[in-house]
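Next come the chains, spelled out residue by residue.
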Amino acid sequence: MVRNQKLTEDVKKYCEKVGVDVVGIANPSLFNRFPEGFRPQAYLDDTTAVIIIGFHLYDLVLDAWNYKEDSNKSYQFADSIIENFCHKIKKYLLKNGFKAEVISYKPGLFLKDSAALAGIGPIGKNNLLITPTYGSQVRLRAIVTNAPLTYGEPIQESKYCKNCNICIKACPANAFINGKYTKSICDEWARSNWERISPHTVIWCNTCIEVCPVTKKKIG
Ligand code: B12
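The text that follows walks through the structure, step by step, so that each part is easy to find.

What about the overall build of the protein chain?
Scanning the protein chain from N- to C-terminus turns up seven helices and ten strands. Over its C-alpha trace the protein chain gives a radius of gyration of 18 Å, about what one expects of a compact globule, namely 17 Å for 220 residues. A principal-axis box enclosing the C-alpha atoms of the protein chain has dimensions of 50 × 45 × 35 Å. Put simply, the protein chain has 220 residues, and 36% of those count as buried. Taking the contacts inside the protein chain whose residues are at least 6 apart along the sequence as the reference set, 74% of them involve residues at least 24 apart.

This is the structure:
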């Protein structure tokens, strides 16, 4: 299939227009390394491109989770904003004659890995995507399409981290054992140390992002 550079630029421009801060496009064949349910084809059979979008979390309030215990409702503010961007981008693609689907947050795709595969940035020692402009302080979502978009170059290694261990040392949960992120430790600590900003609203630990020198360049 012939990839369309002009269409790719138009899609990226449209993403910026609706408020997206970072955008990259990944080749769906690279997702074969993930379990079947976490591949783009689970959402659109003839996927030819995975669009990953990122929203810069310029204010921590945007990271708040709101729970309404008695009705099982729960919202994450930043994610609701990005989901809205996704629906606009989907509409744009449909209007241009292509198929498109917005990927659900869960199970969805592995978003930070998808972003690294799209060439947005590497996965750092903090176990997160590091973007050149906003460090790790972005939240992500994805759209799949059959549009013939051009792909970014996957990034395998972090040029930022090298001898830096600031995130590892700063982790309040000590979740990095011998430098390797341990999900269960992070998860358990974070759930018992939420910052409660109102009766139904909490903010998760964000330390490994905030201390990252690449993030700091732009924040505070
Ligand atoms: C489950 C989950 C959690 C769980 C478990 C975390 C975990 N890492 O497993 C808990 C609740 C603990 C959690 C915590 C946090 N999370 Co979380 N989480 C997720 C979720 C839903 C799935 C993550 C996942 O399973 N990834 C897949 C597995 C395979 O990755 P992994 O094992 O973590 O990491 C491996 C790969 O990255 C791989 N790898 C390394 N280098 C490379 C290079 C390439 C090219 C590839 C392909 C792979 C690769 O090696 C790693 C180790 O095995 C995603 C959303 C989503 N749908 O993706 C958000 C997500 C990863 N979380 C996010 C955030 C921000 C956080 C927190 C900061 C909390 C907060 N304030 O929101 C912390 C940070 C924890 C940390 N340092 O990793 C963001 C990350 C944004 C970014 N810049 O990367 C995401 C993408 C959600 C979002 N809203 O955008 N999270």
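So, next bit.
A word on the sheet that holds strand β10 (residues 201-203)
Pairing within the open sheet is antiparallel, and its four strands lie in the order β4-β3-β10-β9. At either margin of the open sheet sits one strand with a lone partner, and together these are β4 (73-76) and β9 (195-198). Taking each pair of neighbouring strands and ignoring which way they run, the sheet shows an average axis angle of 25°. Sheet topology places strand β3 (residues 65-68) next to β10; two bridges connect them, and they run antiparallel. Pairing of N66 across the sheet is with T201, part of β10.

Side note on the site of the ligand
Taken together, the neighbourhood of the ligand is formed by 31 residues, with L111, I123, N127, L128 and L129 sitting nearest. Those elements giving two or more residues to the shell around the ligand turn out to be α3 (111-117), β6 (138-145), α5 (183-192) and α6 (207-210). Considering every element that reaches the shell around the ligand, the biggest residue donor is α3, with five residues. Residues of the shell around the ligand, tallied by class, amount to 17 nonpolar, six polar and eight charged.

A short note on the packing of helix α1 (residues 5-18) against helix α2 (residues 77-95)
Contact geometry of α1 with α2 gives a least axis separation of 10 Å together with a crossing angle of 145°. Relative to α2, α1 is oriented so that their crossing is right-handed. Note on element contacts: α2 touches α1 through F85, K88, I89 and Y92, opposite Y14, C15 and V18. Of the residues in the contact of α1 with α2, the class split is six nonpolar, no polar and one charged.

Here's the deal with the sheet that holds β6
The strand order across the open sheet formed by four strands is β1-β2-β6-β5, and the pairing between neighbours is antiparallel. Looking at the sheet topology across the chains shown, the edges are occupied by β1 (22-26) and β5 (100-102). The sheet shows a mean angle of 25° between the axes of neighbouring strands, taken without regard to direction. In the sheet, β5 pairs with β6 via three bridges, with the strands oriented antiparallel. Across the sheet, V102 pairs through a bridge with I143, a residue of β6. Lying on the sheet, α2 is in contact with β2 (49-56), β5 and β6; it crosses β6 at an angle near 25°.

Considering the nonpolar core
Counting residues in each nonpolar core, the largest one holds 52 residues, and the members touching the most others are V50, I51, I52, I53, L129 and I143. With residues near it in sequence (within four places) discarded, L129 still touches K112, A115, A116, I120, G121, I123, S136, V138 and L140.

What to know about the pairing of β1
Counting buried positions along β1 gives five out of five residues, so the element sits mostly inside the fold. Going residue by residue along β1, you find V22, G24 and A26 tucked away on one face and V23 and I25 tucked away on the opposite face as well. One ladder, built from five bridges, connects β1 with β2; its direction is antiparallel. In the strand pairing of β2, A26 is matched with V50.

Topic: unusual backbone geometry
Of note, the amide linkage connecting K106 to P107 takes the cis form, showing an omega dihedral of -5°. Tracing the sequence through the fold places P107 in the loop between β5 and α3. The phi dihedral of N72 falls on the positive side, at around 65°, and the residue is not glycine. In this fold, N72 is placed in the loop between β3 and β4. With phi around 30°, K162 is a residue other than glycine that occupies positive phi space.

What counts, and where the lines are drawn
- Residues numbered from 1 in each chain as written.
- Predicted model: local features only at pLDDT ≥ 70, side-chain atom pairs only at ≥ 80, totals over all residues.
- Helix = DSSP H or I, 4+ residues; strand = E, 2+ residues; numbered from the N terminus.
- Rg over C-alpha atoms; globule rule 2.2 N^0.38 Å.
- Buried ≥ 20, exposed ≤ 12 C-beta atoms within 10 Å, placed from the backbone.
- Contact = placed C-beta atoms within 7 Å.
- Pairing = 2+ DSSP bridges.
- Axes fitted to C-alpha atoms, helices over the stretch in contact; angles between N-to-C directions.
- Near = placed C-beta within 6 Å.
- Nonpolar A, V, L, I, M, F, W, Y, C, P; charged D, E, K, R; others polar.
- Left-handed = near helix turned anticlockwise from the far one by under 90°.
- Core = buried A, V, L, I, M, F, W, Y, C linked by C-beta atoms within 7 Å.

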